[in-house]
Amino acid sequence: MRSADDLATLVSAAASARGDRYTMDELGIPSLLLMERAALAVAHEIRERFAAGREIVVLCGPGNNGGDGLAAARQLRGWGVPARVHLCTERHNDVVAEQVRLARAMGVEVVQGLPSAPATASMVVVDALLGTGARGAPRGSIAEALAWLDAAPGPRVAIDIPSGVDPDSGAVPGIAARVALTVTMGRSKPGLHITPGRAQSGEVVVAEIGLVDAPADPEREAARLVSPWQVRRLVDGLRPGAHKGERGHVAVLGGSPGTVGAAVLAGASALRAGAGLVTLVVGDPGIDAAIVGQRPELMSQVREPGTSPAPAANVLIVGPGLTRASDRQDLETLWRGDPRPAVWDASALAEIPALADAPAGPRIITPHPGEAAALLLRLRGEGGGSRAIQADRRAVARALATATGAIAVLKGEGTLIDDGERLAIAVSGGPGLATAGSGDCLTGFLAALLARGLGPWEAACAGVHLHGIAGELAEGPGAVAMDIAGLAGRALAAAPEHPRWPRLRLG
């Protein structure tokens, strides 16, 4: 049986199809057997979670996803749970035709067309309309069925993926199902965890139905969830440090007059996440007193133009509160010339040169959607604002990484981490992060883990996850960014189990 950690592996629609073919054609497992196991997994989830006192209404499309829905209705009917099926297209494949015959033989009511009356709260509506092979906005009778489902006041369940959600990108180009539960087959799909698809999918259950990944599939490790168990192993492997010097020294280049708080938040977060020393490098001598007054644990120094900031530091944070143009005038040189690992954020993102001028050392960039749009427009001439960024976050994260040569951390619900070859998707985070300064806390978390010895990719994944956990712990009225910084210790010690982690179901 798979471990919870193993559920981190995600498969594209193409890789899923290759696994289907390998299991059936090479291993000889009959497709009807796989469908029966898939239906059992769906039926068990519905009966255990929603079925008490409710009727199950299954909306079926023309392909194998519809066949899964019919088979699930038959299983439920066999257990005494009232279930009926509505065939939402005039045409369907041979698999659906056979499942219709079997369902009717078991006493399941199978009706052509949508229900004539609106759904009620006493119904569980099952989306078995479109599978992972569908692309683009749903049209015609499928779109009509999704509109009927969208008005259903009771629980909704999707089989494999909510119809209308792209399984690889999470994009929602038109109407799409929004459900409380998605039961997906074999392995989870990236689109179930990437905004906006993440919001459509509800809880994700991975059904183990006997599918086997195609050997040496080149896409097998192309996308993964950030595993809380892997983060726990990384954190447990860090040396505690016999003295502060062994826990690393972070320098924060930030804090223009009027925005010193951002630099203080980044520095305080780095200390809370375990860095031994933090120095704020500022452009104005008058800021020193303000820093000491807010956080006496932080050191500070005035930056001299043309010099390397804080030479004793082994990791840099560049950008928090760096709003004055004169404070940013030589950042392009810093990107090209300073070999130390660095986290670039906020105003500093506007100074990153094109990839022809590759960074001198490891870089992590942490844009929110608006900053990502501006960065891609400047470096690649690609238009579109925040809405365009959110429409296909996976493509944007990859574009950011390839355009800059950095590890791109695209912030938002289900933060994405991409290094140009790999994609990781965070499960942690929530409304607690929707407060001014929370991004500055993230830079501090990332820099602390770099300073303590994690590699850039590991630090990016672990830092994003831990920042999300701290945000969850801070959720509630009045929570502010310094609360997130203060919760870094609890996040580092938190148990790895997470409510958004996919759950395994044996089908």
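Check the entry above for the structure.
These lines cover the structure that appears in this document, whether it is placed above or below. Predicted model only: the values in this text are computed from it and were never measured.

1. What about the nonpolar core?
Logical step 1: Core analysis: the biggest nonpolar cluster contains 57 residues, and V250, L280 and I417 have the highest contact counts within it.
Logical step 2: With ten residues, the single largest contributor to this core is helix α15 (residues 456-474).
Logical step 3: Not counting the four nearest positions on each side in its chain, I417 is found in contact with V226, I407, A408, V409, R422, L423, A424, W457, A460, C461 and V464.

2. Some remarks on the pairing of strand β1 (residues 55-60)
Logical step 1: Among the six residues that make up β1, five are buried, leaving the element largely enclosed by the rest of the structure.
Logical step 2: Of the pairings in the sheet, the one linking β1 to strand β4 (residues 123-128) comprises six bridges and is parallel in character. Residue pairing for β4: V57 is matched across the bridge by V125.
Logical step 3: Sheet analysis places β1 next to strand β2 (residues 83-87), joined by five bridges and oriented parallel. Within β2, the residue paired with L59 across the bridge is H86.
Logical step 4: Viewed along the sheet, the connection from β1 through helix α3 (residues 64-78) into β2 turns out right-handed.

3. Quick word on the pattern of salt bridges
Logical step 1: For the coordinates displayed, the defined rule picks out 28 salt bridges.
Logical step 2: As a salt-bridge pair, D6 and R187 come within 3.6 Å of each other at their nearest N and O atoms. Of the two residues, D6 is situated in the segment before α1 (13-26) and R187 in the loop between β6 (181-185) and α6 (197-201); the sequence distance between them amounts to 181 residues.
Logical step 3: Overall, the relative accessible area of 23% leaves D6 in the partly exposed class.
Logical step 4: Among the residues examined, R187 registers a relative accessible area of 10% and is labelled buried.
Logical step 5: Note that D338 is salt-bridged to R340, the shortest N-O span being 2.7 Å. The pair formed by D338 and R340 is uniform in burial state, with each residue classed as buried.
Logical step 6: Linked by salt bridges that have partners in common, E45, E48, R49, E203, R503 and R505 make up one network.

How each quantity is defined
Residues numbered from 1 in each chain as written. Predicted model: local features only at pLDDT ≥ 70, side-chain atom pairs only at ≥ 80, totals over all residues. Heavy atoms only, no water. Core = buried A, V, L, I, M, F, W, Y, C linked by side-chain atoms within 4.5 Å. Buried < 20%, exposed > 50% of the residue type's maximum accessible area, 1.4 Å probe, protein only. Helix = DSSP H or I, 4+ residues; strand = E, 2+ residues; numbered from the N terminus. Contact = heavy atoms within 4.5 Å. Pairing = 2+ DSSP bridges. Right-handed = clockwise from strand over helix to strand, strands pointing away. Salt bridge = Lys/Arg side-chain N within 4 Å of Asp/Glu carboxyl O.

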